[in-house]
Amino acid sequence: MLAIDSALDACSVAIVRDGRTAAHVSEQMTRGQAERLAPMVREAAERAGVMFEQIDRVAVTTGPGSFTGVRVGLSFARALALSLDKPCIGVSTLEALALEAGEDGLRAALIETPGASYVALYENGAPLLAPQPVERGEHETLLTGAAHGRPFALTGPGVAANAAALAVRAARLDPARYPADPTYLRAPHVTLPSAS
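Basis of the calculations
Residues numbered from 1 in each chain as written. Predicted model: local features only at pLDDT ≥ 70, side-chain atom pairs only at ≥ 80, totals over all residues. Heavy atoms only, no water. Helix = DSSP H or I, 4+ residues; strand = E, 2+ residues; numbered from the N terminus. Contact = heavy atoms within 4.5 Å. Polar contact = N/O pair within 3.5 Å; in protein donor to acceptor, adjacent residues only side chain to side chain. Pairing = 2+ DSSP bridges. Axes fitted to C-alpha atoms, helices over the stretch in contact; angles between N-to-C directions. Expected span 1.5 Å × (residues − 1). Buried < 20%, exposed > 50% of the residue type's maximum accessible area, 1.4 Å probe, protein only. Core = buried A, V, L, I, M, F, W, Y, C linked by side-chain atoms within 4.5 Å. Phe/Tyr/Trp six-rings, centres within 6.5 Å; stacked < 30°, edge-to-face > 60°. Left-handed = near helix turned anticlockwise from the far one by under 90°. Nonpolar A, V, L, I, M, F, W, Y, C, P; charged D, E, K, R; others polar.

Undergrad: Explain the environment of Glu123 here, please?
TA: Following the sequence through the fold, Glu123 ends up in strand E7 (residues 117-123). It is 5.4 Å that separates the C-alpha atoms of Glu123 and Gly105, two residues lying 18 residues apart in sequence. Discounting residues that sit within four places of it in the chain, Glu123 has contacts with Gly105, Leu106, Leu128 and Arg150. Engagement of the side chain of Glu123 in a polar contact is seen with the side chain of Arg150, the distance being 2.8 Å.

Undergrad: Honestly, the sheet that holds strand E8 (residues 126-134) in this entry has me stumped. Any pointers?
TA: The strands making up a sheet associate through hydrogen bonds between their backbones, and the pairing can be parallel or antiparallel. Taking strand neighbours across the sheet as the criterion, the four strands line up as E8-E7-E6-E9 in an open arrangement whose pairing is mixed. With partners counted over all chains shown, the strands left at the sheet margins are E8 and strand E9 (153-155), one partner each. For this sheet the average axis-to-axis angle between neighbouring strands, irrespective of direction, equals 15°. Of the strand pairs in this sheet, strand E6 (residues 106-112) and E9 are connected by three bridges, and their pairing is parallel. Paired with Ala108 across the bridge in E9 is Leu154.

Undergrad: For this particular structure, what's the right way to read helix H2 (residues 67-84)?
TA: It helps to recall that an α-helix has 3.6 residues per turn; residues three or four apart then point in one direction. Here H2 contains 18 residues, and its C-alpha end-to-end distance of 26 Å stays within 8% of the 26 Å for a straight helix at 1.5 Å per residue. What H2 keeps buried is the set Gly69, Val70, Val72, Gly73, Leu74, Ala77, Leu80, Ala81 and Leu84. In this structure, the buried side of H2 is in contact with strand E1 (2-5), helix H1 (33-48), strand E4 (58-61) and strand E5 (88-91). Positive backbone phi, approximately 55°, marks Asp85, located one or two places after H2.

Undergrad: I'm lost on the nonpolar core in this one. Help?
TA: With 55 residues, the main nonpolar core has Leu2, Ile4 and Val58 as its most contacted residues. Looking at this core element by element, the count peaks at seven residues for H2. Not counting residues up to four positions away in its chain, the partners in contact with Ile4 are Ser12, Leu37, Val41, Val58, Ala59, Val60, Thr61, Gly73, Phe76, Ala77 and Leu166. Core analysis: the next-biggest nonpolar cluster, separate from the first, contains ten residues, Leu106, Ala108, Val119 and Ala146 among them.

Undergrad: How should I be thinking about the packing of aromatic side chains in this particular structure?
TA: Each aromatic ring pair is summarised here by two numbers: the centre-to-centre distance and the angle between the ring planes. Applying the stated criterion across every chain, the model contains one aromatic pair. Where Phe67 meets Tyr184, the ring centres are 6.0 Å apart and the plane angle is 20°; that geometry is what we call stacked. Here the residue Phe67 occupies a position in helix H2, and Tyr184 occupies one in the segment after helix H5 (163-170), the gap between them amounting to 117 residues. Taking relative accessible area as the criterion, Tyr184 reaches 45% and is therefore assigned partly exposed.

Undergrad: Is there a simple way to explain the sheet that holds E5 in this structure?
TA: The strand order across the open sheet formed by five strands is E3-E2-E1-E4-E5, and the pairing between neighbours is mixed. Both outer strands of the open sheet, strand E3 (20-28) and E5, are each paired with one neighbouring strand and no more. Geometrically, the sheet is characterised by an average inter-axis angle of 15° between neighbouring strands, direction not taken into account. Pairing analysis gives four bridges linking E4 to E5, with the strands arranged parallel. Note that in E5 the partner of Ala59 across the bridge is Ile89.

Undergrad: Got a minute to help me understand the packing of H1 against H2 in this structure?
TA: At a minimum axis separation of 10 Å, H1 and H2 run at an interaxial angle of 40°. As for the relative orientation of H1 and H2, their crossing is right-handed in sense. Facing H1, whose interface residues are Gln33, Ala34, Leu37, Ala38 and Val41, H2 presents Gly69, Val72, Gly73 and Phe76. Partitioning the contact of H1 with H2 into residue classes produces six nonpolar, three polar and no charged.

Shown next as structure tokens:
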């Protein structure tokens, strides 16, 4: 299983075999994912002693996150999976963050970017509050309400998804239910030039 995350402030690649991390390569970056991702995947494969043909599945975070980082990761993962004729599994960045320490109990994740905040809550690995945008500072009220006052573990902000934990989870996921499609939770922030 190969897992890729380039949605937030790091580019991370892991290869997991039989539920154990065989290789993990991660670099902090907000730019340059397109140039670094392929060499990082090659390095992880070499460290794990794995030929690309031996990869059974490819997993990738689908966002929310940096528009460019999400697109770079998705494009690379889809292309590699297609070339290997293997399934590509997409997992929301919030799900990857919330469930990287395990699936038991109530687990939430929060991502804060300069333009928006996003939150999700999971109970025993299943979404209780689907990934959604939230006003900055309002996440606690929303999560507490969704959890009906029960305590929950919160991951974020300021963290990156653990590609190795993503791979372990994605190994059990159905590719038909977890397509590698971008998770856009807000409208694009684009200013078109005036017609004049």
